[in-house]
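Inside the fold
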Amino acid sequence: MKKILLAFGCLIFLISSCSKKQNIPTLSYIEEPHSFSQPNEAVITHMDLDINVDFNNEMIHGKASYLIKSNEASQIILDSKFLTIENVQADGKDTSFSLGEFDKQLGNPLKIDINKHTKRITVFYKTTNKTEALQWLKPQQTTDKTHPFLFTQGQAILTRTWIPIQDSPQIRITYNAKVQVPSQLMAVMSAENPKSKTPDGHYSFKMAQPIPPYLIALAVGDIEYKAISNRTGIYAEKSMVEKAHYEFSDMENMVASAEALYGKYAWEQFDVIVLPPSFPFGGMENPRLTFATPTVIAGDKSLTSLIAHELAHSWSGNLVTNATWDDFWLNEGFTVYFEMRIMEALYGKDRANMLARIGRQDLEEEIEGFKDAPDETKLKLNLKGRNPDDGMNSIAYDKGYLFLRTLEETAGRENFDIFLKNYFQKHAFSTINTEKFVDFLNENLLEKYNIAFNTDAWIYTAGIPDNQAIISSDKFKTVEKTIQQFVKTNIVDKTLTEGWTTQEWVHFVRNFPNDIKTGHLAMIDNAFNLTNSNNSYIAMVWYEQAINHNYRGNNIDTKIEEFLIRVGRRWYVSTIYKAFKRNDKTDEALAIYKKARSNYHAVTANTIDDLLGYN
Ligand code: BES
Ligand code: ZN
């Protein structure tokens, strides 16, 4: 009987595999509102990029060639935005193609005719001066001020503005690239990288693990490499290398403690490139090569949680990727949780609690800001028809973190860690959406240990559920008392702030009473010279308070203006511009913005244009 059943089973298998069309992969991508590609019909699996980086014309031109898998489709659709498509080939022969209607958010679908045997398509293209991913910097905008610089920013949907590609986080490709740059410059990518310049400016890259298109990245500049360990190191401009090397000297320890928590680092090398100050983010987790702002080089290693954060993305985000931008919290919430665990493992609970407490205040302020749009405070978003950037705020990060921390405290850390390790292992090199995550959570944590938990309330409703973990920091309680004392006595007792860390200063500045007097701010500034702080974070929150309370001492107006012109980090500059706006000083903000805007990357400029209603 068994044999008969077995034979019958084989027959069914044969019939079903024959009745399927030949060469049909199991393509099961879900509907995704931010890409025109239809990967269930035809999907790219590997890219060979061959480009020339032309600084004189501020243009990239060349070809992107893809291996594809198709379901006998007659067309493959790529995303493209602000690109000039010159020619397209299928298996080496010219083929017909068309650009569909332009969408402000998404760009144009590039529809390429193929046949059921097509294995490779090649697109010849060039970028235009509207290309949003690229920022071309003049020598003056770099740290060393002698050579131009270029970097890309792909997340969320900008890779399509410098490479025609199926630009959905569900799609994963390996890639090789050949990049020609001026011979004085070095090129690096989210791939295996050179450690020194080549004589002819020609560079070859290989990314052997499949990654989503938003993680394809390129930087070109007069940079050098300095190793920290045999798998970690720094790329930066000459005058920045030593400072960055010192600041990030714990990078190897970070990788080791991350591995001890949630499993082996999957990408072999973990390097960081410190970019010029207009880089629009704190950091960007491009695989093998995190891109970072120089504003975290504080001189005292106090802002290195950023590195822990980007490193954590090597698991949450890069290994296990949000399937759509509506599930962005799965990338960022998990990453903040993991970041806090790395920081706790390396520097102890006090440091981790302070960081978590700062995030908790960010969350409170974000929710307050959304009081007229509470749907924005749900973890699972609905960004269809909108720019995914709209969903990239503190909710994903800090509510996501709070949810996971609450789960951890409910299930117990030991159980939670086993669960997370398993989560990363089971979903490695694939994507996950919120619904799949909830199933996995139920099966592998909640049902397993018989835990009742209000998961749906956390994910699908606005605000913060009542069972939230309480995050508190003793160090911060002391800071709060210190503020009260200074304000009450009108005297600054400097002994009370001795040995304070950056996090304590940030908490101090952010928690002045609402009715603090300008005189108090002057008293504090005279004692601590916060207006001239070399720590970008402390300076940023101090400038926000100065604007809130109309403090104009110590030439702070000039300092704020200088800061906004030099730094392009979106979170920093938008915090300051928002303060101007909130306090009916939009005109002042606009006057500065007119001078600063040309130094900003498109993602920062777009945000500030909207905020200030600039053209
Ligand atoms: N992946 C993000 C940056 C990002 C988010 C780029 C959304 C484009 C769209 C990165 O990991 C990040 O979260 N950076 C933070 C730093 C972090 C320590 C919170 C930043 O840039 O401030
Ligand atoms: Zn992140």
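Residues numbered from 1 in each chain as written. Chains lettered and ligands numbered in written order. Predicted model: local features only at pLDDT ≥ 70, side-chain atom pairs only at ≥ 80, totals over all residues. Heavy atoms only, no water.

1. Points about the coordination of the zinc ion (ligand 2)
Here is the rule we go by: For Na, K and Ca the donor cut-off is 3.2 Å, and for all other metals it is 2.8 Å, counting N, O and S atoms only; because water is absent from this set, sites may look incomplete. Angular criteria define each label, namely tetrahedral for four donors with all angles between 85 and 135 degrees, square planar for four and octahedral for six donors with opposite donors over 155 degrees apart and remaining angles between 65 and 115, and irregular for whatever fails these tests. Runs of E in the DSSP output that reach at least two residues are strands. Runs of H or I that reach at least four are helices, and both are numbered from the N terminus. The rule is simple: take the accessible area with a 1.4 Å probe, protein chains only, and divide by the maximum for that residue type; under 20% is buried, over 50% is exposed, in between is partly exposed.
Coordination of the zinc ion (ligand 2) by the protein comes from His 309 (NE2), His 313 (NE2), Glu 332 (OE) and Glu 332 (OE), over a distance range of 2.0 to 2.7 Å. Because the angles between the six donor atoms bound to the zinc ion (ligand 2) fall within 53 to 159 degrees, the donor set is best described as irregular. All donors of the zinc ion (ligand 2) come from a single chain, and their spacing in sequence reads H-x3-H-x18-E. Highlighted residues: His 313 in the loop between helix H4 (305-312) and strand S20 (320-322) and Glu 332 in helix H5 (residues 328-347), separated in sequence by 19 residues. Grouping residues by exposure puts His 313 and Glu 332 together as buried.

2. Examining the environment of Gly 221
With respect to the helices and strands, the residue Gly 221 is situated in strand S14 (residues 218-221). On the basis of relative accessible area, Gly 221 is assigned to the buried category, the value being 0%. As a C-alpha pair, Gly 221 and Asp 79 span 142 residues in sequence and 28 Å in three-dimensional space.

3. Some points on the confidence of the model for the protein
Heads up, the condition is: The predictor rates its confidence in each residue with pLDDT, a number between 0 and 100. What makes two residues a contact is simply this: any of their non-hydrogen atoms within 4.5 Å.
Of the residues in the protein, 96% have a pLDDT of 70 or more, and the chain-wide mean is 96. Long-range and interchain partners of residues 1-24, a stretch whose pLDDT sits below 50, account for five contacts in this model, where long-range means more than four residues apart.

4. Some remarks on the environment of Val 492
Note that Val 492 resides in the loop between helix H11 (474-489) and helix H12 (502-510). When the C-alpha atoms of Val 492 and Ala 527 are compared, they prove to be 7.1 Å apart, with 35 residues separating the residues in sequence. Not counting chain neighbours up to four residues away, the residues in contact with Val 492 comprise Phe 486, Met 523, Ile 524, Ala 527 and Phe 528.

5. Remarks on the site of ligand 1
Put simply, the rule is: Distances are taken per atom, and a residue is near a molecule or strand as soon as one of its heavy atoms is within 4 Å of it. Polar contacts, as counted here, are pairs of nitrogen or oxygen atoms within 3.5 Å of one another; within protein the pair requires one atom able to donate a hydrogen and one able to accept it, and residues that are adjacent in sequence qualify only if both atoms are side-chain atoms. Side-chain classes follow a simple rule in which Ala, Val, Leu, Ile, Met, Phe, Trp, Tyr, Cys and Pro form the nonpolar group, Asp, Glu, Lys and Arg form the charged group, and the remainder, Gly included, forms the polar group. These domain limits were set by an automatic method or by a database of domain assignments.
Neighbouring residues of ligand 1: 16 residues in total, closest Gln 155, Gly 282, Glu 285, Glu 310 and Tyr 397. Note that an oxygen atom of ligand 1 is positioned 3.1 Å from one of the side-chain N or O atoms of His 309. A distance of 2.6 Å separates an oxygen atom of ligand 1 from a polar atom in the side chain of Tyr 397. The leading source of residues in the shell around ligand 1 is H4, at three residues. Class assignment of the residues belonging to the shell around ligand 1 gives a composition of six nonpolar, six polar and four charged. Both domains that furnish three or more residues to the shell around ligand 1 are identified here as domain 2 (222-300) and domain 3 (315-460).

6. Notes on the nonpolar core
The cut-off we apply is this: In these notes, a set of buried Ala, Val, Leu, Ile, Met, Phe, Trp, Tyr and Cys residues joined through side-chain atoms within 4.5 Å is what counts as a nonpolar core.
Among the nonpolar cores identified, the biggest contains 199 residues, and Trp 162, Met 189, Leu 218, Phe 403, Phe 437 and Tyr 577 are the most heavily contacted of them. Broken down by element, the residue count for this core peaks at ten residues, all from H5. Apart from the residues lying within four places of it in its own chain, the contact partners of Leu 218 are Ile 51, Val 53, Ile 60, Leu 150, Phe 151, Thr 152, Trp 162, Val 179, Ala 187, Val 188, Met 189 and Phe 291.

7. Structural notes on the packing of helix H3 (residues 251-262) against H4
The condition is simple: Whenever a helix is involved, its axis is fitted only over the stretch in contact; in every case the axis is a line through C-alpha atoms, and angles between N-to-C directions fall within 0 to 180 degrees. For classification, angles of less than 35 degrees are called roughly parallel, those exceeding 145 degrees roughly antiparallel, those between 65 and 115 degrees roughly perpendicular, and all remaining angles oblique. Note on convention: the crossing is left-handed when the near helix lies turned anticlockwise from the far helix by less than a right angle, right-handed when the turn is clockwise.
Where H3 meets H4, the closest approach of the two axes is 10 Å, and the angle between their N-to-C directions is 45 degrees. Between H3 and H4, the crossing angle belongs to the class labelled oblique. Crossing of H3 against H4: the hand is right-handed. Side by side, H3 and H4 meet where Met 251, Met 254, Val 255 and Ala 258 of the first sit next to Ile 307, Ala 308 and Leu 311 of the second. The residue inventory of the contact of H3 with H4, partitioned by class, reads seven nonpolar, no polar and no charged.

8. Overview of the side chain of Gln 141
Considering the arrangement of structural elements, one finds Gln 141 in the loop between strand S9 (134-137) and strand S10 (149-152). There is a polar contact of 2.9 Å between the side chain of Gln 141 and the side chain of Asn 599. Setting aside anything within four residues of it in sequence, one finds Gln 141 in contact with Trp 136, Pro 276, Pro 277, Ser 598 and Asn 599.

9. Some remarks on the environment of Thr 501
Note that Thr 501 resides in the loop between H11 and H12. Separated by 120 residues in the primary sequence, Thr 501 and Leu 381 have C-alpha atoms spaced 36 Å apart.

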